[in-house]
Amino acid sequence: MEVTQRFLKYVSFDTTSSETSDTVPTTAHQRVLGQYLADELAALGLEGAHLDDKGYVYAVLPATPGCDAPALGLIAHMDTAPDASGENVNPILHENYDGGDVVLPATGKVMKVSAFPFLASMKGETLITTDGTTLLGADDKAGVAEIVTLCEYLLTHPEVKHRPIAVCFTPDEEIGRGTDRFRMDRFPAK
């Protein structure tokens, strides 16, 4: 699957975390994406892919034969900030972006190049935004999509030699609890 398609799938999951919850993870819907990711990693062929009882996803992509280098660890978080809704996200693709201000269609809000100067350097690219009514979830579902797509690429291109890759996707990072229940004993990278 292409990284953009994967990202668009992931942002369809509401994974808003909650600062007022005492549960782990702080919202049950983070587990829904977590289970989806664990299943996807297992289907791709990663070893030990699972969602643990605290909502963390762990998996390992074994090294290519003959590579005895230490494991590389890749971690991203699944949750979105509670500042705005993560429910019913409507991603908008701005293909062949013209380098100017970006209007979010549902609200008319404008992302001005004067406020976000880096936008001008994105001319000709495809930008992905929300329609303006929710968070997009790009922080850090884009990271999750990149990690899963990398693993898929390495599995389908055995000629690319690589060390073991330990993967973890965490809940509740947006509220400062993302590493609270991280288990080093399940993550073979130092």
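Moving on to unusual backbone geometry. Looking along the chain, the bond that leaves valine 24 and enters proline 25 is cis, with omega of -10 degrees. Looking at the element boundaries, proline 25 is found in the loop between α1 (3-10) and α2 (29-44). One non-glycine residue with positive phi stands out, namely aspartate 172, at about 60 degrees. Assessed through its relative accessible area of 3%, aspartate 172 is described here as buried.

What follows covers the packing of aromatic side chains. In this structure the tally under the stated criterion is 6 aromatic pairs. Aromatic pair phenylalanine 116 and phenylalanine 118: ring centres 6.3 Å apart, planes at 75 degrees, arrangement edge-to-face. By relative accessible area, which is 35% here, phenylalanine 116 ends up partly exposed. Look at phenylalanine 182 and phenylalanine 187: their rings are 5.2 Å apart centre to centre, the planes differ by 65 degrees, and that puts the pair in the edge-to-face class. Residue classification places phenylalanine 187 among the buried positions, given a relative accessible area of 6%. Taken together, the ring pairs connect Tyr56, Tyr58, Phe182 and Phe187 into an aromatic cluster.

Ordered by their spatial adjacency, 4 strands build an open sheet running β1-β2-β8-β3, and the pairing between neighbours is mixed. Among the strands making up the open sheet, the edge pair consists of β1 (47-51) and β3 (72-77). Across the sheet, the mean angle from the axis of one strand to that of its neighbour is 15 degrees, orientation sign disregarded. Pairing analysis gives 6 bridges linking β3 to strand β8 (residues 165-170), with the strands arranged parallel. What sits directly across from histidine 77, in β8, is threonine 170. Contacting β1, β2 (57-61) and β8, α2 crosses the sheet at an angle of about 165 degrees to β1.

Contact geometry of α2 with helix α3 (residues 138-156) gives a least axis separation of 10 Å together with a crossing angle of 15 degrees. One finds that α2 runs roughly parallel with respect to α3. The handedness of the crossing between α2 and α3 is left-handed. Counted together, Leu33, Leu37, Glu40, Leu41 and Leu44 of α2 and Lys141, Val144, Val148, Glu152 and Leu155 of α3 form the full contact between these two elements. Looking at the contact of α2 with α3 residue by residue, the class counts come to 7 nonpolar, no polar and 3 charged.

This next bit is on the pattern of salt bridges. Evaluated as defined, the whole model comprises 4 salt bridges. Arginine 6 serves as the salt-bridge partner of glutamate 40, at 2.9 Å between the closest nitrogen and oxygen. Of this pair, glutamate 40 sits in helix α2 while arginine 6 sits in helix α1, and the two are 34 residues apart along the sequence. Take arginine 6: its relative accessible area is 2%, and that puts it in the buried class. Linking aspartate 52 and arginine 186 is a salt bridge whose minimum nitrogen-to-oxygen distance equals 3.0 Å. Residue aspartate 52 is located in the loop between β1 and β2, and its partner arginine 186 is located in the segment after β8; the two are separated by 134 residues in the primary sequence.

This part takes up the nonpolar core. Leu41, Val167 and Phe169 are the most contacted members of the largest nonpolar core, which totals 27 residues. Going through the elements one at a time, α1, α2, β2, β3, α3 and β8 are the ones with two or more residues in this core. A per-element tally of this core places α3 first, with 6 residues. Leave out the neighbours within four places in its chain, and leucine 41 touches Leu46, Ala49, Val57, Ala59, Val148, Val167 and Phe169. Counting 7 residues, the second-largest nonpolar core is a separate cluster that includes Tyr56, Tyr58, Cys168 and Ala189.

Procedures and definitions
- Residues numbered from 1 in each chain as written.
- Predicted model: local features only at pLDDT ≥ 70, side-chain atom pairs only at ≥ 80, totals over all residues.
- Heavy atoms only, no water.
- Helix = DSSP H or I, 4+ residues; strand = E, 2+ residues; numbered from the N terminus.
- Buried < 20%, exposed > 50% of the residue type's maximum accessible area, 1.4 Å probe, protein only.
- Phe/Tyr/Trp six-rings, centres within 6.5 Å; stacked < 30°, edge-to-face > 60°.
- Pairing = 2+ DSSP bridges.
- Axes fitted to C-alpha atoms, helices over the stretch in contact; angles between N-to-C directions.
- Contact = heavy atoms within 4.5 Å.
- Parallel < 35°, antiparallel > 145°, perpendicular 65-115°, else oblique.
- Left-handed = near helix turned anticlockwise from the far one by under 90°.
- Nonpolar A, V, L, I, M, F, W, Y, C, P; charged D, E, K, R; others polar.
- Salt bridge = Lys/Arg side-chain N within 4 Å of Asp/Glu carboxyl O.
- Core = buried A, V, L, I, M, F, W, Y, C linked by side-chain atoms within 4.5 Å.

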